[in-house]
Amino acid sequence: MESPKKSSTKNWLIGCGIGCGVVIVIGIVLVVSGVFFVKNMVNTFEESEDVLKTLTKKYGKIYDYSPSPYGSIKSSRMEVFLNTRESLKTVKEELERSIEFLSEEQKDEREPKRKSGGVLKKIRTGIGLIPRIAEYLKQRNQALLEAGMGIGEYYYIYTISYYGWLNKPITDGLPIDINDDNGFDYQHWEDEESKEIRHDLAVRRLHQMILPMLKNQQEQLLEKSQQEQISDAWAKALEQEIKALESNRYRLIWQDGLPEVIVSSLRPYKHRLESSYSPSLNNIEMIIEQH
């Protein structure tokens, strides 16, 4: 006699238009390939973790990074950032296609008719999504390591460029919740309450990353000001921003507008920044834990 779990799974598949023969085939494929799939997935995560450890050892943790005390971002650092993102084009597009497919399937899930091929593709895409994410992060971190940029600097430029200057929504991202157990669940992300929760969680996490960076920046600025002339306008703007962030943990960095010294660093790269941004991968960029 079938267990309730197996029976419900079978009914779900048949309800999607899949016959009993295909149900058996799916079972055989998952059993036969499962060992290899899990092994490959574990290997991908281990490799991704190893690269991150090397990157952290060389450049420190995210909150160790200190932006330039002068406020500007050197053109050479913008080139490293953009070249890194552009080098990920192939793996980025593969991941975007998977997310787009799963997102479409989520929207159409109430349709009464389905083709078995579509469901099989959804299963393959779904079980392959997490290792694809791990592969994307591994390649990104490897590219940063080879180019000479730490993850803290990458996150700083990412935040300043996309959220602070181009006003990209911090809640952009795949309509699938990546959880701490390396799984994923579909969410009803379009209602107002969910949007508010997502926004607050994203801003809070970013706040924890960025505020220490600005304090590092201010510390360097104070040291430099004892030896050379520093713009009073910039020093005051930085001080005020730090105080604003300290008083409101749900404040987005420079949400009242970027200082001109930062904008002037970004302006020559506007087109490349726009073209390198991926709305569907935005929240994937931030799923990283440093130990």
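Residues numbered from 1 in each chain as written. Predicted model: local features only at pLDDT ≥ 70, side-chain atom pairs only at ≥ 80, totals over all residues. Heavy atoms only, no water.

(A) Region of the structure containing the overall build of the chain. When helices and strands are tallied, the chain shows 11 helices and 2 strands. Counted from the first residue to the last, the chain has its helices and strands arranged as α-α-α-α-α-α-β-β-α-α-α-α-α. The contacts in the chain between residues at least 6 apart in sequence include a share of 81% that link residues at least 24 apart. Summing over all exposed atoms, the chain offers an accessible surface of approximately 16400 Å²; the carbon and sulfur share of this is 52%. (Helix = DSSP H or I, 4+ residues; strand = E, 2+ residues; numbered from the N terminus. Contact = heavy atoms within 4.5 Å. Areas by Shrake-Rupley, 256 points an atom, 1.4 Å probe, with all protein chains shown as cover.)

(B) Highlighting the pattern of salt bridges. Applying the stated criterion to the full structure yields 14 salt bridges. The salt bridge partner of Lys168 is Glu274, with a shortest N-O separation of 2.9 Å. Of this pair, Lys168 sits in the loop between helix H6 (151-165) and strand S1 (176-178) while Glu274 is found in helix H10 (residues 270-276), placing the two residues 106 residues apart along the sequence. Among the residues examined, Glu274 registers a relative accessible area of 33% and is labelled partly exposed. Put simply, Glu246 and Lys215 hold a salt bridge, and the shortest N to O gap is 3.2 Å. Linking Glu246 in helix H8 (residues 232-247) with Lys215 in helix H7 (residues 192-225), this pair joins segments that are 31 residues apart in sequence. Exposure remark for Lys215: the relative accessible area of 38% places this residue in the partly exposed category. (Salt bridge = Lys/Arg side-chain N within 4 Å of Asp/Glu carboxyl O. Buried < 20%, exposed > 50% of the residue type's maximum accessible area, 1.4 Å probe, protein only.)

(C) Local environment of the confidence of the model for the chain. Taken residue by residue, the chain gives an average pLDDT of 78. The fraction at 70 or more is 69%. Contacts for the low-pLDDT stretch residues 108-117, under 50 throughout, to residues beyond four places or in other chains number 10 contacts. Contacts from residues 177-188, a stretch scored under 50 in pLDDT, to residues over four places away or in other chains number 28 contacts. (pLDDT = per-residue confidence, 0-100.)

(D) Structural view of the packing of H7 against H8. Relative orientation of the contacting elements H7 and H8 amounts to 145 degrees, with a least axis distance of 10 Å. Once H7 is placed against H8, the crossing between them reads as left-handed. Residues His207, Leu211, Leu214, Lys215, Gln217, Gln218 and Leu221 of H7 touch H8, and the partners they reach there are Trp234, Ala235, Leu238, Glu239, Glu241, Ile242, Leu245 and Glu246. Classifying every residue of the contact of H7 with H8 gives 8 nonpolar, 3 polar and 4 charged. (Axes fitted to C-alpha atoms, helices over the stretch in contact; angles between N-to-C directions. Left-handed = near helix turned anticlockwise from the far one by under 90°. Nonpolar A, V, L, I, M, F, W, Y, C, P; charged D, E, K, R; others polar.)

(E) Representation of the environment of Leu145 in the model. In this fold, Leu145 is placed in helix H5 (residues 116-147). In this structure the C-alpha to C-alpha distance between Leu145 and Val51, which are 94 residues apart in sequence, comes to 8.1 Å. Each residue touching Leu145, except ones within four places of it in the same chain, is listed here: Thr54, Leu55, Lys58 and Tyr59.

(F) Structural detail: the packing of aromatic side chains. A full pass over the atoms with the stated rule returns 9 aromatic pairs. With a centroid separation of 4.7 Å and an interplanar angle of 75 degrees, the aromatic rings of Tyr158 and Tyr162 are classed as edge-to-face. With a gap of 4 residues between them, Tyr158 and Tyr162 both fall in helix H6, about one helical turn apart. A relative accessible area of 0% places Tyr162 in the buried class. Grouped by ring-pair contacts, the aromatic residues Phe81, Tyr154, Tyr155, Tyr158, Tyr162, Tyr163 and Tyr277 constitute a single cluster. (Phe/Tyr/Trp six-rings, centres within 6.5 Å; stacked < 30°, edge-to-face > 60°.)

(G) How the structure looks around the side chain of Ser161. Tracing the chain through its elements places Ser161 in helix H6. When residues no more than four places from it in sequence are discounted, the contact partners of Ser161 are Met78, Leu166, Leu266 and Leu273.

(H) Quick peek at helix H3 (residues 75-87). The terminal C-alpha atoms of H3 lie 18 Å apart, and with 13 residues this matches the ideal 18 Å at 1.5 Å per residue to within 8%. Met78, Val80, Phe81, Leu82, Thr84 and Arg85 are the residues of H3 that are buried. (Expected span 1.5 Å × (residues − 1).)

(I) Just the nonpolar core, in detail. If you look at the biggest cluster of nonpolar residues, it comprises 47 residues, and the most contacted ones within it are Phe81, Ile160, Trp254 and Leu273. Residues within four places of Phe81 in sequence aside, it is in contact with Met149, Tyr154, Ile157, Tyr158, Tyr162 and Leu273. Counting 13 residues, the second-largest nonpolar core is a separate cluster that includes Leu88, Ile133, Tyr136 and Ile284. (Core = buried A, V, L, I, M, F, W, Y, C linked by side-chain atoms within 4.5 Å.)

(J) Layout of the side chain of Arg140. Of note, Arg140 is situated in helix H5. A distance of 3.1 Å separates a polar atom in the side chain of Arg140 from a polar atom in the side chain of Asn141. (Polar contact = N/O pair within 3.5 Å; in protein donor to acceptor, adjacent residues only side chain to side chain.)

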